[in-house]
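Structural description and commentary
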Amino acid sequence: MKINTMFSSEGNLVELYKNADVVIGSVLIPGAKAPKLLRKEHLKLMKKGSVIVDVAIDQGGCFETSHPTTHDAPIFTEEGIIHYCVANMPGAVARTSTMALTNSTTHYGVILANKCYSIIG
């Protein structure tokens, strides 16, 4: 599998929107609203039936056309583009998301504990 990376600039994003089947937005700026990386006019560039997933919806969303949806009614369509903007997505798989978070942060907890132990001990 080949992976290409690009700098996240408006020009690069616009070009990627044209060919994308799925766009996942997951911007987080602690204490602030997420910036709008995909605007309404960009939807017209995308292929009809493409899907956008706004993981940042809990912080206001990073797509201009996003609004919070629920697990009971998770999608809506605008300009032929399917939007999935379920708030608190990890809550749907609480056990799995907790395990993933624990697995990714335990290492740092051990480092902190060792530093505290070396100071006290």
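Here's what I pulled together on the structure shown here. (Residues numbered from 1 in each chain as written. Predicted model: local features only at pLDDT ≥ 70, side-chain atom pairs only at ≥ 80, totals over all residues. Heavy atoms only, no water.)

**Details of the environment of Cys62**
Here Cys62 lies in the loop between β2 (51–54) and β3 (75–78). In this structure Cys62 comes out as buried when scored by relative accessible area, which is 0%. Dropping the residues within four chain positions of it, Cys62 is found in contact with Gly25, Ser26, Val27, Ala34, Pro35, Lys36, Leu37, Leu38, Asp54 and Ala56. (Helix = DSSP H or I, 4+ residues; strand = E, 2+ residues; numbered from the N terminus. Buried < 20%, exposed > 50% of the residue type's maximum accessible area, 1.4 Å probe, protein only. Contact = heavy atoms within 4.5 Å.)

**Quick notes on unusual backbone geometry**
With glycine set apart, most residues show a phi of negative sign, and most peptide bonds adopt trans. Phi at Glu79 is positive, roughly 55 degrees, even though this residue is not glycine. Note on placement: Glu79 falls in the loop between β3 and β4 (81–84). Look at Glu79 and you get partly exposed, because its relative accessible area is 31%.

**Points about the nonpolar core**
Ranked by internal contacts, the top residues of the largest apolar core, which has 14 residues, are Val23, Leu38, Met46 and Ile52. Once residues lying within four places of it in the same chain are set aside, the contact partners of Val23 are Tyr17, Met46, Val51, Ile52, Val53 and Phe63. (Core = buried A, V, L, I, M, F, W, Y, C linked by side-chain atoms within 4.5 Å.)

**Some points on the state of the cysteines**
All told, the structure shown has zero disulfides when counted by the stated rule. Cys62 takes part in no disulfide bond, and the closest cysteine sulfur to it belongs to Cys85, at a distance of 8.9 Å. (Disulfide = S-S within 2.5 Å.)

**Looking at the pairing of β3**
Of the strand pairs in this sheet, β3 and β4 are connected by four bridges, and their pairing is antiparallel. By the bridge assignment for β4, Glu78 is matched with Ile81. (Pairing = 2+ DSSP bridges.)

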